[in-house]
Amino acid sequence: MYKNETRYALINGVLLDGTRDMTPQTGKIVCVEGGKIAAVTDGPVPAGYEPVDLAGRYVLPGLINLHVHLPASGKPKKKPSDPKKLVKLITSNGLMRRVGVKLCESYARTELLSGVTTIRTVGGVADFDTIIRDRAAAGEILSPRVVASNMAVSVPGGHMAGSLAYEARTPEEAAAYVERIAAEKPDLIKLMITGGVMDAEVVGEPGVLRMEPALVKAACDRAHGLGMKVAAHVESPEGVRVALENGVDSIEHGAKPDEDILRLLKEHGAFQVATLSPAIPYALFDRSVSHATYEQQENGKVVLEGVIAMARACLENDIPVGLGTDTGCPYVTHYDMWRELCYFVKYCGVTPAFALHTATRLNARLAGIDGETGSIEATGHKVLAIPGKDGKITARQIKDLVLAHRADESFEHTVQPKLVYLSTPTELGTLYTLDELEAISSICRELGLYLFVDGARLGYGLAAKGNDVTLPNLARLCDVFYIGGTKVGALFGEAVVISNSALKEDFRYLIKQHGGMLAKGRLLGLQFEILMK
């Protein structure tokens, strides 16, 4: 997307910052520099920023649409077109490809102008999605940020097979198609596991299982091996179960879940992307208006009820539910994301504030871009988890993660690793040895990372049998560590030790600035004076 390099400050607005309650905040000044929020303050306007008076208008994060088919317009037609023929035509030669990409550019622009600043594509034509993503990131076109999938993987006779999806016949072919798509450097892989409303021929068939479990597993294993998440088109309980049991990360659309499905969602850390917009015209419009067949209308009702039931059940069980429109389906255009929020409130029983939170901050987290967008704040942090052994990580793992990040051509658009956070003793009660901390500290200095040690249970660790780490060791090896008080008898508080002199400057000012200055702080200090004796 285009970048505004002007330094400006938004004043006299009502701020909705993306948090769960979206509490309106007034009197805030949002300072923007180089296209990013530099600070959110209570005033006055900092020197060097041009004030922009909003006169009471609202400021909120851009909406994020998690389910978009970029090449389709969504405009209804009296007679259905043949998607296979259209895709064959648009990819038939260089000129037609350029026409197709230009069409996608115009649709992306429409998304942006409707208030959507990020789209996640889940099935497109050839490599058009990544082309738009890269041109947007380079500032060459007016477009939202794009999280791209390119073509999906289906099976013969499956949903969108031969148009927006390749047709895999065996597990080996499914894995091979994932590799073929991955070569175009998309951000995720999309599978078409069940049928859909438009390709169902009899009532009750929209979610019939098309892709066998072995193919789902092969595709997911290969995608995960390449470091990519997997989204799947699913519209039946059987399809949801097959998807989750074989590695799918997000259920697109959904179906009425039972306790086993809810268990699988929790165990696998999976989530639903609810798409109410495409089912409503089929299910609720008069067929003289929607031009749907009787079978399509009845199947639309099945899908709508399933999406709603799954969303409600997930919300009740603290399972994340994201929002997308399934843009490209009839009556679902590239300027309709606002409708999805309204439907979420009407049919799933959430508050308008929670719908806005879902379409911004939560959607950003589910798309893996919460370090870039989804909330209005000057700074934010994202945890890059490393698989541990007995609760511990190694210097080698840290180095591999950082070097992989720096080798990625799009590294500027992802969260920058800057601090290593570990605890000793760990949550499992294990201890880092002095040699392990020496190695981690050394690699942190080599890579320009800070080392922070959580010492909530440090008192136990220092006194533990076999421990060879001392407080002077921690002061030498860490940039910052803290000594927890409550687990060793203190009423409250922690003693923060800043060893890195560069981090000490203005530390108490920063405490005050962020509302953390403690009145009667001597009471906290007295506890540690006694504990340290």
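See the structure shown above.
A quick note: this is a predicted structure, and the numbers were derived from the prediction, not measured.

### A short note on the overall build of the chain
Logical step 1: Helix and strand content of the chain: 18 helices and 20 strands.
Logical step 2: Relative to its length of 533 residues, the chain is compact, with a C-alpha radius of gyration of 26 Å against a globular reference of 24 Å.
Logical step 3: Overall, the C-alpha framework of the chain stretches about 85 × 55 × 45 Å when taken along its three principal axes.
Logical step 4: The buried share of the chain, taken over its 533 residues, is 47%.
Logical step 5: Residue pairs at least 24 apart in sequence account for 68% of intrachain contacts in the chain once pairs closer than 6 positions are excluded.
Logical step 6: Carbon and sulfur atoms provide 55% of the accessible area of the chain, an area that totals close to 26,200 Å².
Logical step 7: Each charge sign in the chain was given a centre, from 58 positive and 63 negative side chains, and these centres are 3 Å apart.

### Description of the nonpolar core
Logical step 1: L191, I193, V248, I251 and L265 are the most contacted members of the largest nonpolar core, which totals 90 residues.
Logical step 2: Take this core: its biggest share by element is eight residues, from helix α10 (residues 294-316).
Logical step 3: Beyond its immediate chain neighbours, meaning those up to four positions away, I251 contacts A232, V234, V240, A243, L244, L265, F271, Q272, V273 and M310.

### As for helix α12 (residues 352-366)
Logical step 1: If you check α12, its first and last C-alpha atoms are 20 Å apart, about what 15 residues at 1.5 Å a residue would give, namely 21 Å.
Logical step 2: The axis of α12 is deflected most strongly, by about 40 degrees, at T358.
Logical step 3: The complete set of buried residues in α12 reads F354, A355, H357, T358, A359, T360, L362, N363, A364 and L366.
Logical step 4: Among the structural elements, β7 (63-68), β15 (271-274), α10, β16 (321-323) and α11 (337-348) are those in contact with the buried residues of α12.

### Things to note about the sheet that holds strand β9 (residues 145-147)
Working definition: the strands of a sheet are paired by backbone hydrogen bonds and lie parallel or antiparallel to each other.
Logical step 1: With parallel pairing, the three strands of this open sheet are ordered in space as β7-β8-β9. For this open sheet the edge positions go to β7 and β9, each flanked by a neighbour on one side alone. Going across the sheet, the axis of each strand differs from the next one's by a mean of 20 degrees, ignoring polarity.
Logical step 2: Where strand β8 (residues 116-121) meets β9, three bridges bridge the pair, whose relative direction is parallel. The residue bridging R120 from the neighbouring strand is V147, located in β9.
Logical step 3: On top of the sheet, helix α2 (residues 94-113) reaches β7 and β8; it is set at about 135 degrees to β8, its chief contact.

### What about the pattern of salt bridges?
Logical step 1: Considering all chains together, one arrives at 21 salt bridges under this definition.
Logical step 2: R396 is the partner of D400 in a salt bridge, and the nearest nitrogen-oxygen pair spans 2.8 Å. Placement of both D400 and R396 in helix α13 (residues 395-407) is noted, with a separation of four residues, approximately one turn of the helix.
Logical step 3: By relative accessible area, D400 is classed as partly exposed at 39%.
Logical step 4: One salt-bridge network, in which partners are shared between bridges, spans R241, D258, D260, R263 and E267.

### Side note on the packing of aromatic side chains
Logical step 1: Counting across every chain of the model gives six aromatic pairs.
Logical step 2: Aromatic pair F285 and Y331: ring centres 5.2 Å apart, planes at 80 degrees, arrangement edge-to-face. Placement of F285 in the loop between α8 (279-284) and α9 (287-290) and of Y331 in the loop between β16 and α11 is noted, with a sequence separation of 46 residues between them.
Logical step 3: Look at Y331 and you get partly exposed, because its relative accessible area is 25%.

### So, the side chain of T327
Logical step 1: Note that T327 resides in the loop between β16 and α11.
Logical step 2: Within the structure, T327 has its side chain in polar contact with the side chain of T325 (distance 2.3 Å).
Logical step 3: If near-sequence neighbours (up to four positions away) are discounted, T327 is found in contact with N65, H67, V68, H69, E111, V332, T333 and H334.

### Observations regarding the sheet that holds strand β18 (residues 450-454)
Logical step 1: Spatial strand order, β17-β18-β19-β20: four strands in an open sheet with mixed pairing. Taken across any chain shown, the strands that pair with only one partner, and hence form the sheet edges, are β17 (419-423) and β20 (494-498). Looking at each pair of strands side by side, their axes are set apart by 15 degrees on average, direction ignored.
Logical step 2: Pairing of strand β19 (residues 480-484) with β20, which is carried by five bridges, proceeds in the antiparallel orientation. From the neighbouring strand, V480 faces β20, where its bridge partner is I498.

### Side note on α2
Logical step 1: The end-to-end C-alpha distance of α2 is 29 Å, a good match for the 28 Å that 20 residues give at a rise of 1.5 Å each.
Logical step 2: The secondary structure elements touched by the buried residues of α2 are β7, α1 (83-90), β8 and α3 (128-137).
Logical step 3: At the N-terminal boundary of α2, the capping side chain belongs to N93, with an oxygen 3.1 Å from the backbone nitrogen of L95.
Logical step 4: Following α2 by one or two positions, G115 adopts a phi angle in the positive range, close to 100 degrees.

### Brief notes about the pairing of β19
Logical step 1: β19 sits mainly inside the fold: five of its five residues count as buried.
Logical step 2: Every second residue of β19 is oriented toward a common face, with V480, Y482 and G484 on one face and F481 and I483 on the other, all of them buried.
Logical step 3: Bridging between β18 and β19 involves two bridges; their strand directions are parallel. Its bridge partner being in β19, V453 is matched across the sheet by F481.

### Considerations on the environment of K36
Logical step 1: Relative to the assigned elements, K36 resides in strand β4 (residues 36-41).
Logical step 2: Residue classification places K36 among the exposed positions, given a relative accessible area of 60%.
Logical step 3: Linking K36 and R7, residues 29 residues apart in sequence, is a C-alpha distance of 9.6 Å.

### A closer look at the packing of α10 against α11
Logical step 1: The geometry of α10 relative to α11 is characterised by a closest axis approach of 10 Å and an angle of 80 degrees between their N-to-C directions. Between α10 and α11, the angle falls in the class roughly perpendicular. For the pair α10 and α11, contact is made by I308, A311, R312 and L315 and by F344, Y347 and C348, respectively.
Logical step 2: In terms of residue class, the contact of α10 with α11 is made up of six nonpolar, no polar and one charged.

Reading the values: the criteria
- Residues numbered from 1 in each chain as written.
- Predicted model: local features only at pLDDT ≥ 70, side-chain atom pairs only at ≥ 80, totals over all residues.
- Heavy atoms only, no water.
- Helix = DSSP H or I, 4+ residues; strand = E, 2+ residues; numbered from the N terminus.
- Rg over C-alpha atoms; globule rule 2.2 N^0.38 Å.
- Buried < 20%, exposed > 50% of the residue type's maximum accessible area, 1.4 Å probe, protein only.
- Contact = heavy atoms within 4.5 Å.
- Areas by Shrake-Rupley, 256 points an atom, 1.4 Å probe, with all protein chains shown as cover.
- Lys, Arg positive; Asp, Glu negative; His and termini not counted.
- Charge placed at Lys NZ, Arg CZ, Asp CG, Glu CD.
- Core = buried A, V, L, I, M, F, W, Y, C linked by side-chain atoms within 4.5 Å.
- Expected span 1.5 Å × (residues − 1).
- Bend = angle between axes of the 7 residues up to and from the residue.
- Pairing = 2+ DSSP bridges.
- Axes fitted to C-alpha atoms, helices over the stretch in contact; angles between N-to-C directions.
- Salt bridge = Lys/Arg side-chain N within 4 Å of Asp/Glu carboxyl O.
- Phe/Tyr/Trp six-rings, centres within 6.5 Å; stacked < 30°, edge-to-face > 60°.
- Polar contact = N/O pair within 3.5 Å; in protein donor to acceptor, adjacent residues only side chain to side chain.
- Parallel < 35°, antiparallel > 145°, perpendicular 65-115°, else oblique.
- Nonpolar A, V, L, I, M, F, W, Y, C, P; charged D, E, K, R; others polar.

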